[in-house]
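For reference, the chains in residue letters:
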Amino acid sequence: NAGVTQTPKFRILKIGQSMTLQCTQDMNHNYMYWYRQDPGMGLKLIYYSVGAGITDKGEVPNGYNVSRSTTEDFPLRLELAAPSQTSVYFCASSPGSPGELFFGEGSRLTVL
Amino acid sequence: DQQVKQNSPSLSVQEGRISILNCDYTNSMFDYFLWYKKYPAEGPTFLISISSIKDKNEDGRFTVFLNKSAKHLSLHIVPSQPGDSAVYFCAAIRDYKLSFGAGTTVTVRA
């Protein structure tokens, strides 16, 4: 009964470091998404994927990269971390039913 | 450019009464509108949706109303229960991409 699994749940990075947030889903969903949520704000779309091998930018892609080599996995890469990337990151997947996304529990990232 | 807006950051309601959450949008091309519920330290969970061609959808205690001419939707929760205390996000979808509002924190008082 795993659903969408994100790791790590918490991470502190120094400015300029790089890291990858992992996301795995076991529901065989084609659509996957990465969102970030800043305090008092809604979720902002970073990148999304409509299937293995296909990715596209969302509203706030700068400073991030993604890949989708399998249906299950959708890692988010942060290169040269900056304080502006301090946020809670959510991965989500969808079977395609309009808008019904299944979210992971989130990864809280702090860049100091 | 925020396309989905929730102008009330918080709402306090007594248990058993109606909770009404409001949402405005600017893009007339949205296909579906949705409400998500979020508890602390958890991801959002889908609550209810409505197609842009309908004006009402009901699911148990939850009803969503859509007024396309006003670009406005609302969520009614009747009766409100303590477990409804959470952050509620309004969202709208076009081309498989969801745009979210900033959320409304609902507190249900005993």
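Each chain carries its own residue numbering, running from 1 in the direction its sequence is written. Note on labels: chains are lettered from A, ligands numbered from 1, in written order. Reporting of local features is limited, given that this is a predicted model, to residues whose pLDDT is at least 70; pairs of side-chain atoms are given and counted only at 80 or more, and all residues count toward the totals for whole chains, interfaces and linings. Water and hydrogen atoms play no part in the side-chain values, which are based on all heavy atoms of the structure.

Colleague: Looking at this structure, how should I read the overall build of chain A?
Modeller: Helical segments are the DSSP runs of H or I of at least four residues, strand segments are the runs of E of at least two, and each set is numbered from the N terminus. A count of helical and extended segments in chain A gives zero helices and 11 strands. Along its sequence from the N terminus, chain A presents helices and strands in the succession β-β-β-β-β-β-β-β-β-β-β. For 112 residues, the compact-globule estimate of 2.2 N^0.38 gives 13 Å, and chain A sits close to it at 13 Å. Only protein chains enter the area calculation, which uses a 1.4 Å probe; residues under 20% of their type maximum are buried, those over 50% are exposed, and those in between are partly exposed. The proportion of buried residues among the 112 residues of chain A is 45%. The contact criterion used is simple: two residues touch if any of their non-hydrogen atoms lie within 4.5 Å. Within chain A, residue pairs in contact and separated by at least 24 positions form 52% of the contacts whose partners lie at least 6 positions apart. For every accessible area listed, the method is Shrake-Rupley and the probe measures 1.4 Å; residues are considered covered only by the protein chains on display. Total accessible area computed for chain A in this model is approximately 5300 Å², and 51% of it derives from carbon and sulfur atoms. Between the centroid of the 9 positive side chains of chain A and the centroid of its 9 negative side chains there is a distance of 10 Å. Radius of gyration here is computed from C-alpha atoms only, and the compact-globule reference equals 2.2 Å multiplied by the residue count raised to the power 0.38. Neither His nor the chain ends contribute to the count of charged residues, in which Lys and Arg are positive and Asp and Glu negative. Charge positions come from single atoms, namely NZ of Lys, CZ of Arg, CG of Asp or CD of Glu.

Colleague: What am I meant to see in the nonpolar core here?
Modeller: Taken as a class, soluble globular proteins show a tendency for nonpolar side chains to be buried jointly. Here the nonpolar core consists of buried residues drawn from Ala, Val, Leu, Ile, Met, Phe, Trp, Tyr and Cys, with membership extended through side-chain atoms lying within 4.5 Å. Counting 23 residues, the largest nonpolar core has F33(B), W35(B), L73(B), L75(B) and Y88(B) as its most contacted members. Residue assignment for this core shows that the elements contributing at least two residues are strand 3 (19-25), strand 4 (32-38), strand 5 (45-51), strand 7 (62-67), strand 8 (72-77), strand 9 (86-94) and strand 11 (104-109) of chain B. Here this core gets four residues from one element, more than from any other, and that element is strand 9 of chain B. Apart from residues no more than four positions distant in its own chain, Y88(B) is found in contact with Q6(B), L21(B), W35(B), Y36(B), K37(B), L47(B), L75(B), I77(B), G103(B), T104(B) and V106(B). M19(A), V66(A), L76(A) and L109(A) belong to the second largest nonpolar core, which has 19 residues in total.

Colleague: Mind showing me how you'd approach the pattern of salt bridges here?
Modeller: Pairing between side chains of opposite charge can happen when the charged atoms of each approach one another. Residue and element names in this part refer to chain B. Salt bridges are counted wherever a side-chain nitrogen of Lys or Arg sits within 4 Å of a carboxyl oxygen of Asp or Glu. Within the structure shown, the criterion is met by six salt bridges over all chains. In this structure, K37 engages D84 in a salt bridge whose closest nitrogen and oxygen atoms are separated by 3.9 Å. Residue K37 is located in strand 4, and its partner D84 is located in the loop between strand 8 and strand 9; the two are separated by 47 residues in the primary sequence. Classification of K37 as buried rests on a relative accessible area of 12%.

Colleague: Looking at this structure, how should I read the sheet that holds strand 1 (residues 4-7) of chain A?
Modeller: Strand pairing in a sheet relies on backbone hydrogen bonds. The paired strands run either parallel or antiparallel. All names here are of chain A. Only when DSSP finds a minimum of two bridges between them are two strands counted as paired. A sheet is described by the order of its strands in space; here four strands give the open sequence 1-3-8-7, paired in antiparallel fashion. Bordering the open sheet on either side are strand 1 and strand 7 (64-66), each of which pairs with just one other strand. The mean inter-strand angle of the sheet, taken between neighbouring strand axes irrespective of direction, is 20°. Structural elements are reduced to axes, namely lines fitted to C-alpha atoms, with helices fitted over the stretch in contact, and the angle between N-to-C directions of any two is expressed from 0 to 180 degrees.

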